[in-house]
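Inside the fold
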Amino acid sequence: MENWSDYVDLLKPAGDIFGSGTAPVDEALRATLYRQFAMNLSQGYMLICQTDPRYPEWVPFENSTFLLQPNPDAVYYYTAVDGAGTYRVTGERGNSPVAGFAVGNRIIGMSEAFGKGFGNYDLDDLTIAADGSFEVLFSAERPAGWSGDWLRLDPEADFIMVRQFSYDWGRETDLRLAIERLDPQPAKPPVSPEELDRQLRQLFGTYVRRLSQIGIGAVKAAHDKGLVNACGLTTFQDLGNGQDWPQAYYEAVFDIGPDEALVLETDLPETRPYWNIQVIDGLWNQMEVLYRQTSLNGHTARIDSDGRFRAVLAHEDPGYVNWLDTCGRGYGMMIGRWYRCSSLPTPQIKRMKLAEVAGYLGGRSALITPEERSVAMRDRLIGAQLRRRW
């Protein structure tokens, strides 16, 4: 073990990445980056110090506190696994629109090279009992004599991740689950000084910096593709999504002045089990989830009279239901998702003065009064806390 100051010194090079992105650099962005470093420490502790493939347990991964580009409708759980092991997952499905497992290695931030996705498994493809309970084994080969549900664990895998996407926050029944390793292990020992030294070196020395670099790089990549105030489709397979991940994303960098707005409009897939849109900042952080309307989904969005979806990104409430709040940031991104949809539309974006929005939208988009907005925001705040957040 080193002295504490030696571990803290490992954090110092993280500050060198400031300004390497495309977001305008000011004190607000600097403060956000430093907050992101603190957030990365908390998130990394869970992944690095609180998980062990011999003694698995689900720990928080991304959510409404660990904000580096999670889906605001989602909670993600993570456990370290050994590709040679056999694991049993039991639980209750709940009724959120999306719940499933992803198997891979080197989850985002854990290594310089992005890891691989080995398989995505929809929980609804398992045998769900009448009471919502389920049981499934993960292993490289189906265990002899096992006739129940089984999912392949690639020998190179070092994690299983769980995704749960919610629509009607706080009113749906959350997924509950537990994991255990079935091939025998010795009693769990206390962490050794040597192992803790390794964990702290990874957490302080590489994880904090690397995760922020990935976020900054993702914004820059969209910017460099020319997606400034314009949308493009992506799969994020370069960040570790497996080829079988049945979700496409649309993304756009926004760059607007204090009196400007963007109107995003798109056709909707005929079949759309789940879709959403969110606002993130120039460092790839989800904007404030609970107290600002920085996201909409297939439950909260209003579809226009012509069957299209339109949303207004603006610094101030434009008086339309489908407002996306920038939280005062003039530069950031919008990211949307099409999950298992029958088509993958690419939305169009129009930049205009905020004062011109009403004339452009006319009577096609639903209006909202200040009193109705207050009720909607209270529902958002309460629902965000009633659902499981981590």
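About the cut-offs
Residues numbered from 1 in each chain as written. Predicted model: local features only at pLDDT ≥ 70, side-chain atom pairs only at ≥ 80, totals over all residues. Heavy atoms only, no water. Helix = DSSP H or I, 4+ residues; strand = E, 2+ residues; numbered from the N terminus. Buried < 20%, exposed > 50% of the residue type's maximum accessible area, 1.4 Å probe, protein only. Lys, Arg positive; Asp, Glu negative; His and termini not counted. Salt bridge = Lys/Arg side-chain N within 4 Å of Asp/Glu carboxyl O. Polar contact = N/O pair within 3.5 Å; in protein donor to acceptor, adjacent residues only side chain to side chain. Contact = heavy atoms within 4.5 Å. Phe/Tyr/Trp six-rings, centres within 6.5 Å; stacked < 30°, edge-to-face > 60°. Lys NZ or Arg CZ within 6 Å of the ring centre and 35° of its normal.

Another point: the environment of Gly359. In this fold, Gly359 is placed in helix α4 (residues 357-361). Among the residues examined, Gly359 registers a relative accessible area of 69% and is labelled exposed. Here the alpha-carbon distance between Gly359 and Gln50, two residues 309 residues apart in the chain, equals 54 Å.

Turning to the side chain of Arg389, a few remarks are in order. Mapped onto the elements of the fold, Arg389 is located in the segment after α5 (370-386). It turns out Arg389 is buried and unbridged, and the closest side chain with the opposite charge, Glu288, is 7.0 Å from it. One polar contact links Arg389 to Ser64, side chain to side chain, over a distance of 2.9 Å. Not counting chain neighbours up to four residues away, the residues in contact with Arg389 comprise Asn63, Ser64, Thr65, Val75, Leu290 and Ala384.

The next point concerns the packing of aromatic side chains. For the structure on display, the rule yields 15 aromatic pairs. Site record: aromatic cluster; members linked through ring pairs are Phe61, Tyr76, Tyr78, Phe159, Phe165, Tyr167, Trp245, Tyr274 and Tyr339. Here the basic side chain of Arg30 rests over the ring of Phe18, its NZ or CZ set 4.3 Å away from the ring centre. We note Arg163 situated over the ring of Trp245; from NZ or CZ to the ring centre the distance is 3.7 Å.

A separate point is the pattern of salt bridges. Two side chains carrying opposite charge are able to pair once their charged atoms lie near each other. Per the stated rule, a full pass over the model turns up 31 salt bridges. Glu180 is paired through a salt bridge with Arg88; the nearest N and O atoms lie 3.0 Å apart. On the criterion of sequence distance, the pair formed by Glu180 in strand β9 (residues 176-181) and Arg88 in strand β3 (residues 87-92) is long-range, its members being 92 residues apart. Take Arg88: its relative accessible area is 24%, and that puts it in the partly exposed class. As a salt-bridge pair, Asp124 and Arg93 come within 2.7 Å of each other at their nearest N and O atoms. A residue pair is termed long-range when its members are at least 10 positions apart, and Asp124 in the loop between β5 (117-122) and β6 (133-139) and Arg93 in the loop between β3 and β4 (98-104) qualify at 31 residues. The structure contains a network of salt bridges with shared partners spanning Glu265, Asp267, Asp304, Asp306, Arg308, Arg310 and Lys350.

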